[in-house]
There are 2 protein chains.
Amino acid sequence: MQALVFDKRLEYRRDYPDLAPRAGESIVRILLAGICGTDLEISRGYMAFRGVPGHEFVGRVVETSNPDLRHKRVVGEINAGCGRCVACLGGLTRHCPNRTVLGILGRDGTFAEFLTLPDENLRPLPDSIPDDAAVFTEPLAAAFEIFEQIHIGRNQSILVLGDGRLGAMVALALDSHSYEPLVAGHHPEKLERLSALGLRTTKSAPEGKFDVVIDCTGQADGFRGALERVAPRGTIILKSTAAAGAELNLAAVVINEIAVLGSRCGRFAPALEALAAKRIDPRPLIDGTRSLADGLEAFATAANPSNFKILLKPA
Amino acid sequence: MQALVFDKRLEYRRDYPDLAPRAGESIVRILLAGICGTDLEISRGYMAFRGVPGHEFVGRVVETSNPDLRHKRVVGEINAGCGRCVACLGGLTRHCPNRTVLGILGRDGTFAEFLTLPDENLRPLPDSIPDDAAVFTEPLAAAFEIFEQIHIGRNQSILVLGDGRLGAMVALALDSHSYEPLVAGHHPEKLERLSALGLRTTKSAPEGKFDVVIDCTGQADGFRGALERVAPRGTIILKSTAAAGAELNLAAVVINEIAVLGSRCGRFAPALEALAAKRIDPRPLIDGTRSLADGLEAFATAANPSNFKILLKPA
């Protein structure tokens, strides 16, 4: 099959081996896949991943032993657990120590014609969610994960740091819960597009003022910027792994009694509900759709900070 | 008056200027003062502090315009706020942006014959708390601060990382609330003394297992050790500013969705209640009492990792 494959470098292949169905897994034909920041990092060596990257998709089940999934249009949770550990038994497959993660860890991903996932990871879609909205389910679910971790009070001020893909998803998720986040970024044209979606934006957020600061910069110095802007006893939520290895001054965390909360993947259900109810329409963030054969150009376009979301359409 | 004074280096002086009473402040004769890790850091240049260090004390009011404080035996909250900002008006003087901090920031401290503090910072002591227990009020209050910040479930496993002064205070505070923390450290003789106080101890804590890990190591790599030992979705509490500037991998915080909580000074009331009710007796941790004239030797003894608490007795 056609696929984008990373092995030291990213390349387009026509002859990538077809997938063999595994017990308890279904084969899905991919209709649309989204490129996110993690994919760009993987194309630079992150996670030492080899194989087909990509974890955002909408597809149609073409081979399954589960009658409830036959021919269904689906999205899929990306963490596949062992099913036997304490995390899996407690419903937290996302934290299974033996998990594979679609296109990130030990499992080929979505930048191909087909993928496989365990049946229990697949979520049939209602007709009310079109393909080009459904493809945002995974990043939206990651944004909604914040609400599963902490309660944000209605009187608390919220700053979303970063005007990229991640910041947009987080701001839209907050907005759909009737919060009024302020989005701070450096790209006037993107801030303008976010304003057009009804979001509050700024090019320079004041220091030491915000009860909750959500770092969506995807930059190593994002944490520092968040620390500067959070109020004493406030909360910083880290939505990106980009802060790896940065030199940080945790003394300020102690002195100002800041809470720092790591936040990663979320359950799909809240995102699907919001999309089905049209409380969120992410489609204005799409900046282009490419074939797999144009995948390298698609990655370059996605890496351009002027753009939000680039999609891949295998056929 | 006699005092230990830090100005590039620590020295003992007989001729330090007497204190002038300020409006709304009382003068306190110091009966006992305790040396803590922050004092050792200050003697190495931390906070660029100049003047008399020290913030743990029990004393007697010798000059005051407040009849409720006259001749009273007291301890004192160490943060003195402006009284006008949002933090002060909300009762959080500890986070006033214009605060002075006894022996740490803009205010002479406890390693002298006398100190001054605002009247509202002073807490008269019940007779049931002897001087050598009362002198532990401030570090115990800092330990109890954890309970003002988060709720720890009864079924959660708690690891206290570090067998020093700070670890002992935190473990005793948890023990007084009927939690059963495990204290991990590298000093067999100190672990033995903590065991004798009824605490669970270990020389090597397993990785990835604890719901709550409290970093009391006072070491720059304490955070790394805490990250290794906390379970996915667990909480790390940072009780020391020593992690300043360490190179950290925050990617693990995001991937494992860890909550990191900075924790500093606490209100005195919970600590005074525990001491008055004899739920905590910290006196077995005292490893020596010195005069101010022997202050430099006292600092060296306090810096010896075999010791817990060294006290200074001005007269």
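Source: prediction; values computed, not measured.

A.B. asks: Break down the overall build of chain A for me, with residues and values.
C.D. replies: For chain A, the count of helices and strands is 10 helices and 18 strands. Here the C-alpha radius of gyration of chain A, 19 Å, is about what a compact globule of 315 residues would show, namely 20 Å. With respect to the principal axes defined by its C-alpha atoms, chain A has extents near 55 × 40 × 40 Å. Across the 315 residues that make up chain A, the buried fraction comes to 56%. Nonlocal contacts in chain A, meaning residues at least 24 apart in sequence, comprise 68% of its contacts between residues at least 6 apart. Carbon and sulfur atoms provide 49% of the accessible area of chain A, an area that totals close to 12700 Å².

A.B. asks: Please give an account of the environment of V62 of chain A that cites residues and values.
C.D. replies: Residue and element names in this part refer to chain A. As for its placement among the helices and strands, V62 is situated in strand 4 (residues 56–63). Put simply, V62 and V28 are 34 residues apart on the chain and 5.5 Å apart in space, counted from C-alpha to C-alpha. The contacts of V62, once residues within four sequence positions are left out, are I27, V28, R29 and F114.

A.B. asks: Describe in detail the relation of the copies chain B and chain A, supporting the description with residues and values.
C.D. replies: Rotating chain B by 180° and translating it 0.0 Å along the rotation axis places it on chain A, where the RMSD comes to 0.0 Å. Between the two chains, the operation in question is that of a two-fold axis. A share of 100% of the interface residues of chain B reappears at the interface of chain A, consistent with the copies meeting face to face through the same patch.

A.B. asks: Account for the domain arrangement of chain A, with residues named and values stated.
C.D. replies: All names here are of chain A. Splitting chain A by domain gives domain 1 (3–136 + 282–312) and domain 2 (143–262). With 19 residues of domain 1 at the contact, the number on the domain 2 side is 14 residues. Both sides of the domain 1 and domain 2 interface together cover about 1300 Å² of buried area, and 53% of this is carbon and sulfur. When the buried area of domain 1 at its contact with domain 2 is split by residue, L285, P305 and F308 rank highest and sum to 43% of it. On the surface where domain 1 and domain 2 come into contact, there are two salt bridges. Here R94 ties to E145 by a salt bridge, and the two come within 3.3 Å at their closest N and O atoms.

A.B. asks: Outline the interface of chain B and chain A, listing residues and values.
C.D. replies: Bring the parts together and some accessible area is lost; that lost area is often taken as the interface size. Every contact between the two is made by 36 residues of chain B and, on the other side, 36 residues of chain A. The junction of chain B with chain A conceals about 2800 Å² of combined surface from both sides, 60% of it contributed by carbon and sulfur atoms. Where chain B packs against chain A, one counts two salt bridges. A salt bridge links E145 of chain B to R233 of chain A, with the shortest nitrogen-to-oxygen separation between them at 2.5 Å. Taken together, the connections running from chain B to chain A amount to 11 residue pairs in polar contact (both at pLDDT 80 or more). Of all the secondary-structure elements, those providing two or more residues to the side of chain B that touches chain A are helix 4 (137–149), strand 14 (230–238), strand 15 (244–249), helix 8 (251–255) and strand 16 (259–262) of chain B. If one sorts the elements of the side of chain B that touches chain A by residue count, strand 15 of chain B sits on top with six residues. Considering only residue class, the side of chain B that touches chain A consists of 19 nonpolar, nine polar and eight charged.

A.B. asks: Pulling in residues and values, what's your account of the sheet that holds strand 11 (residues 182–184) of chain A?
C.D. replies: Within a sheet, adjacent strands bond to each other through the backbone by hydrogen bonds, running parallel or antiparallel. Ordered in space as 12(A)-11(A)-10(A)-13(A)-14(A)-16(A)-16(B)-14(B)-13(B)-10(B)-11(B)-12(B), the 12 strands form an open sheet in which the pairing is mixed. Of all strands in the sheet, those bounded by a partner on one side alone are strand 12 (200–202) of chain A together with strand 12 (200–202) of chain B. Put simply, the sheet's adjacent strands are angled 20° from each other on average, direction ignored. Across three bridges, strand 10 (residues 158–161) of chain B lies against strand 11 (residues 182–184) of chain B in parallel orientation. Bridge pairing links L159 of chain B to L182 of chain B in strand 11 of chain B. The strands that helix 5 (residues 165–176) of chain B touches are strand 10, strand 11 and strand 13 (210–215) of chain B; relative to strand 10 of chain B, the one it contacts most, it runs at about 155°. Relative to strand 12 of chain B, helix 6 (residues 188–196) of chain B is tilted by about 165°, and along the sheet it contacts strand 11 and strand 12 of chain B.

Quick notes on the rules
Residues numbered from 1 in each chain as written. Chains lettered and ligands numbered in written order. Predicted model: local features only at pLDDT ≥ 70, side-chain atom pairs only at ≥ 80, totals over all residues. Heavy atoms only, no water. Helix = DSSP H or I, 4+ residues; strand = E, 2+ residues; numbered from the N terminus. Rg over C-alpha atoms; globule rule 2.2 N^0.38 Å. Buried < 20%, exposed > 50% of the residue type's maximum accessible area, 1.4 Å probe, protein only. Contact = heavy atoms within 4.5 Å. Areas by Shrake-Rupley, 256 points an atom, 1.4 Å probe, with all protein chains shown as cover. Least-squares fit on C-alpha atoms with pLDDT ≥ 70 in both. Domains from an automatic or database assignment. Buried area = accessible area lost by both parts, 1.4 Å probe. Salt bridge = Lys/Arg side-chain N within 4 Å of Asp/Glu carboxyl O. Polar contact = N/O pair within 3.5 Å; in protein donor to acceptor, adjacent residues only side chain to side chain. Nonpolar A, V, L, I, M, F, W, Y, C, P; charged D, E, K, R; others polar. Pairing = 2+ DSSP bridges. Axes fitted to C-alpha atoms, helices over the stretch in contact; angles between N-to-C directions.

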